[in-house]
Amino acid sequence: ARERDRAKAEQLKAETLNRFLLRILQAASPEQKGKDAKILEVLSDAEQNLETEFANQPEQKAQGYLSLGFTYFSIQEHEKANSLLLKSLQICDSSLPSDNQITSNTLIVLSINLNAQNKFDEAEKYIYRGIELERKISPYGSRTLAFALSNLGDIYLRKSKITEAAKPIAEAVKIFSTLTGENDP
């Protein structure tokens, strides 16, 4: 019964965030914003609504900031992405359990965003923490862990640390191979 109740609570959280994101996307329609609506306006509105809509729901708010941060990263608005991802991380660190998947994802995306800005030392700091957390969450490996390890390898390569890059990249390949069932000879 407890497991069922927890699953229902998780489903409700996901549905609440999905409804929020759907409203944001609908607000971007030409009927609502006009035909010249800019993605940055829509994202800015989403950020403002996030603060009020999830004021007392830290998990949803952290996930919302993570989603917005990833979106800003995707459109190469790196500084804004940093700001939102750091907000997500602050909420995770202050309000969520230490082994939360949102925290792991935020650390990894923040590292990738910093790596894209050539801020390798900062990126490395966050990816180490993300990898450590992801190993606790998924001790047998996960796509997220493999992705994080490949990002660490990329950071090392971009810092010209070729020898150091080999180990996390090899581990990432091994995890991906295990998860997909593909074994290259």
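1. Considering the packing of aromatic side chains
Alright, step 1. Inspection of the entire model under this criterion finds 1 aromatic pair.
Alright, step 2. Relative to F73, the ring of F70 has its centre 5.9 Å away and its plane inclined at 45 degrees; by these criteria the two rings are tilted. Remark: F73 and F70 occur in helix 4 (residues 58–74); sequence separation between them is 3 residues, near one turn of the helix.

2. As for unusual backbone geometry
Alright, step 1. Phi is positive for Q76, close to 60 degrees, though the residue is something other than glycine.
Alright, step 2. In this structure, Q76 sits in the loop between helix 4 and helix 5 (78–95).
Alright, step 3. The phi torsion at N118 lies on the positive side, around 65 degrees, for a residue other than glycine.
Alright, step 4. Among the secondary structure elements, N118 is positioned in the loop between helix 6 (101–116) and helix 7 (120–137).
Alright, step 5. Residue classification places N118 among the partly exposed residues on the basis of a relative accessible area of 47%.

3. With respect to a nonpolar patch on the surface
Alright, step 1. A contiguous nonpolar surface patch, about 330 Å² in accessible area, is contributed by L157, I162, I169 and V173.
Alright, step 2. No other element matches helix 9 (residues 162–180), which puts 3 residues into the nonpolar patch.
Alright, step 3. Tracing the sequence through the fold places V173 in helix 9.
Alright, step 4. Under the relative-accessibility criterion, V173 is labelled partly exposed at 48%.

4. Structural notes on helix 8 (residues 143–158)
Alright, step 1. Its 16 residues place the ends of helix 8 22 Å apart at the C-alpha level, agreeing with the 22 Å of an ideal helix rising 1.5 Å per residue.
Alright, step 2. Regarding helix 8, the residues found buried are L145, A146, A148, L149, N151, L152, G153, I155 and Y156.
Alright, step 3. Buried residues belonging to helix 8 abut helix 6, helix 7 and helix 9.
Alright, step 4. Trailing helix 8 by a residue or two, S160 shows a phi angle of about 60 degrees, which is positive.

5. Remarks on the environment of P58
Alright, step 1. If you trace the backbone, P58 turns up in helix 4.
Alright, step 2. In sequence terms P58 and S95 are 37 residues apart; their C-alpha atoms lie 6.4 Å from each other.
Alright, step 3. When residues no more than four places from it in sequence are discounted, the contact partners of P58 are I91, S95 and L96.

Thresholds applied
- Residues numbered from 1 in each chain as written.
- Predicted model: local features only at pLDDT ≥ 70, side-chain atom pairs only at ≥ 80, totals over all residues.
- Heavy atoms only, no water.
- Phe/Tyr/Trp six-rings, centres within 6.5 Å; stacked < 30°, edge-to-face > 60°.
- Helix = DSSP H or I, 4+ residues; strand = E, 2+ residues; numbered from the N terminus.
- Buried < 20%, exposed > 50% of the residue type's maximum accessible area, 1.4 Å probe, protein only.
- Patch = residues over 30% accessible without salt bridge, like charges linked within 9 Å, V, L, I, M, F, W, Y side chains within 5 Å.
- Areas by Shrake-Rupley, 256 points an atom, 1.4 Å probe, with all protein chains shown as cover.
- Salt bridge = Lys/Arg side-chain N within 4 Å of Asp/Glu carboxyl O.
- Expected span 1.5 Å × (residues − 1).
- Contact = heavy atoms within 4.5 Å.

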